[in-house]
Amino acid sequence: MITVGIDCGTQRTKAVLVRDGAIQSTAVTRTAFDTNKAASDVLDLLCSGSGLPREAVDRIYKTGIGAPTISFGDGQVNEIMSAAAGVGALAPSCRCILDLGAERNRAIRLSEQHIVKGYEVNDKCASGSGTFLEAMARVLETPIESFGALALQHKKDITLSAQCVVFVESEVISLIHQNEQAADIAWGVLTSVASHISALVQRLGKVERVCAIGGLTLNRGLIEALNREIKQEVTVAPCAEYASAYGAALLAAKT
């Protein structure tokens, strides 16, 4: 059976083609302003990469914040369930998922059977999200792709006291004017984000075997900051950016 999972986020839309439970190909495109077009485009990329026509796909499931606006597909699954299904297959030993996204972060507790036992989602404030990191990268005139590596060069800890993204930006500009090093400021920003995420984990109670998925897993500095804030090693799941899309495809095969 061939299934496709499409994970439509605020910035990027990911897709995974699965044949009999195994990943055959992946694709990603920018979501931009038209989620329906992004989903259609990523499906075309996926099929092109696998050498299959759309008609060969038996079932398509959608997930992500943009899923309700996609006009095609055979079903929809929420972000919590798709993440749990994907991680259950990619990282079976994981018992706590950190889903790190552009707009939202989630902490999800799993049972030994990969059943969701509880979850926490960050509030609407952007100061713990990927969009916040992009804003801080612009202030520091650093490409977002290099932000984590820059932060890992820090020589001292800087604590950011503000919580709102607007005030944090002002605080960062003030630190620049105080001639603080960019690496130290970047580490302070990542520590602040990691603190927000750690608070979600704490609300779940004691957790172990934590793994991360989502686009922010590409930021090595953030993963290191999470290790320190959560006080245990946070592993990055295989195919971390595509985990939820993979989970949606797996769930499509079960219905």
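Refer to the preceding data block for the structure.
Remember, it's a predicted structure, so these values are computed and weren't measured experimentally. (Residues numbered from 1 in each chain as written. Predicted model: local features only at pLDDT ≥ 70, side-chain atom pairs only at ≥ 80, totals over all residues. Heavy atoms only, no water.)

J.: Is there a simple way to explain the pattern of salt bridges in this structure?
T.: Oppositely charged side chains may form a pair once their charged atoms are brought near each other. Summed over all chains, the structure comprises 12 salt bridges. Ionic pairing is found between D7 and K14, a salt bridge with its closest N-O pair at 3.7 Å. We note that D7, like K14, is buried. Among the ionic pairs, D157 bridges to R228, the shortest N-O distance being 3.1 Å. With D157 in the loop between helix 4 (147-151) and helix 5 (165-177) and R228 in helix 7 (residues 220-230), this pair connects stretches of sequence that are 71 residues apart. Its relative accessible area of 48% is what places D157 among the partly exposed residues. For R228, a relative accessible area of 37% translates into the label partly exposed. The network of salt bridges with common partners includes R95, E112, E208 and R209. (Salt bridge = Lys/Arg side-chain N within 4 Å of Asp/Glu carboxyl O. Buried < 20%, exposed > 50% of the residue type's maximum accessible area, 1.4 Å probe, protein only. Helix = DSSP H or I, 4+ residues; strand = E, 2+ residues; numbered from the N terminus.)

J.: Looking at this model, I keep getting lost on the sheet that holds strand 9 (residues 210-213). Mind explaining?
T.: Backbone hydrogen bonds are what pair the strands of a sheet, in a parallel or an antiparallel way. Here five strands make up an open sheet; going across it, the order is 8-7-6-9-10 and the pairing mixed. A strand with exactly one partner marks an edge of an open sheet, and here the two such strands are strand 8 (116-121) and strand 10 (234-236). Neighbour-to-neighbour, the strand axes of this sheet turn through a mean angle of 25°, independent of strand direction. Where strand 7 (residues 105-110) and strand 8 come together, five bridges link them in antiparallel fashion. Following the sheet pairing, R109 is matched in strand 8 by G118. Docked against the sheet, helix 6 (residues 182-203) engages strand 6 (96-100), strand 7 and strand 8, running at close to 30° with respect to strand 7. (Pairing = 2+ DSSP bridges. Axes fitted to C-alpha atoms, helices over the stretch in contact; angles between N-to-C directions. Contact = heavy atoms within 4.5 Å.)

J.: Where do I start with the side chain of D7 in this structure?
T.: By the secondary structure assignment, D7 is in strand 1 (residues 2-8). Overall, the relative accessible area of 10% leaves D7 in the buried class. When sequence neighbours within four positions are dropped, the list of residues in contact with D7 reads R12, T13, K14, T63, G64, S244 and A245.

J.: Help me out: how do you make sense of helix 7 in this one?
T.: Residues lying three or four places apart along an α-helix face the same way, a consequence of the helix completing one turn every 3.6 residues. Every buried residue belonging to helix 7 is among G221, L222, I223, A225, L226 and I230, and all of these are buried. Taken together, the buried residues of helix 7 touch strand 6, helix 4, helix 6, strand 9 and strand 10. The opening residue of helix 7 is N219, an N-cap whose side-chain oxygen sits 3.1 Å from the backbone nitrogen of G221. One or two positions beyond helix 7, positive phi appears at K231, with a value near 65°. (Polar contact = N/O pair within 3.5 Å; in protein donor to acceptor, adjacent residues only side chain to side chain.)

J.: Please clarify how the state of the cysteines should be interpreted in this entry.
T.: Two cysteines whose sulfur atoms are joined by a covalent bond form what is called a disulfide. Inspection of the entire model under this criterion finds zero disulfides. The thiol of C47 is not disulfide-bonded; the next cysteine sulfur, from C8, is found 17 Å away. The buried category is assigned to C47, whose relative accessible area is 5%. (Disulfide = S-S within 2.5 Å.)

J.: Can you help me understand unusual backbone geometry in this one?
T.: When glycine is set aside, most residues are seen to have a negative phi, and most peptide bonds are trans. The backbone phi angle of A32 is positive, close to 55°, even though this residue is not glycine. Relative to the helices and strands, A32 resides in the loop between strand 3 (22-30) and helix 1 (35-50). Look at A32 and you get exposed, because its relative accessible area is 57%. At E141, a position not held by glycine, the phi torsion is positive, near 55°.

J.: What is the right way to look at the nonpolar core in this model?
T.: Within soluble globular proteins, side chains that are nonpolar generally end up buried alongside one another. Counting residues in hydrophobic clusters, the biggest one holds 41 residues, and the most contacted among them are L98, F147, V172 and L226. With 11 residues, helix 6 is the single largest residue contributor to this core. Not counting residues within four places of it along the chain, the set of residues in contact with L226 comprises L98, L100, A194, I197, K231, Q232 and V234. If you look at the next biggest cluster of nonpolar residues, it comprises 21 residues, including I97, A237, Y246 and L250. (Core = buried A, V, L, I, M, F, W, Y, C linked by side-chain atoms within 4.5 Å.)

J.: How should the packing of helix 2 (residues 79-90) against helix 8 (residues 243-254) be read in this particular structure?
T.: Two numbers describe how helix 2 lies on helix 8: the axes approach to 7 Å, and their chain directions differ by 95°. Judged by the inter-axis angle, helix 2 sits roughly perpendicular to helix 8. Listed contacts from helix 8 to M81, S82, A83, A85, G86, A89 and L90 of helix 2 are A243, S244, Y246, G247, A248, L250 and L251. Here the residues of the contact of helix 2 with helix 8 sort into 10 nonpolar, four polar and no charged. (Parallel < 35°, antiparallel > 145°, perpendicular 65-115°, else oblique. Nonpolar A, V, L, I, M, F, W, Y, C, P; charged D, E, K, R; others polar.)

J.: Before we go on, may I ask you to explain helix 6 in this structure?
T.: A rise of 1.5 Å per residue sets the reference length of helix 6, with its 22 residues, at 32 Å; its end C-alpha atoms lie 32 Å apart and thus fit the reference within 8%. Of the residues one or two after helix 6, G205 is the one with positive phi, at around 90°. (Expected span 1.5 Å × (residues − 1).)

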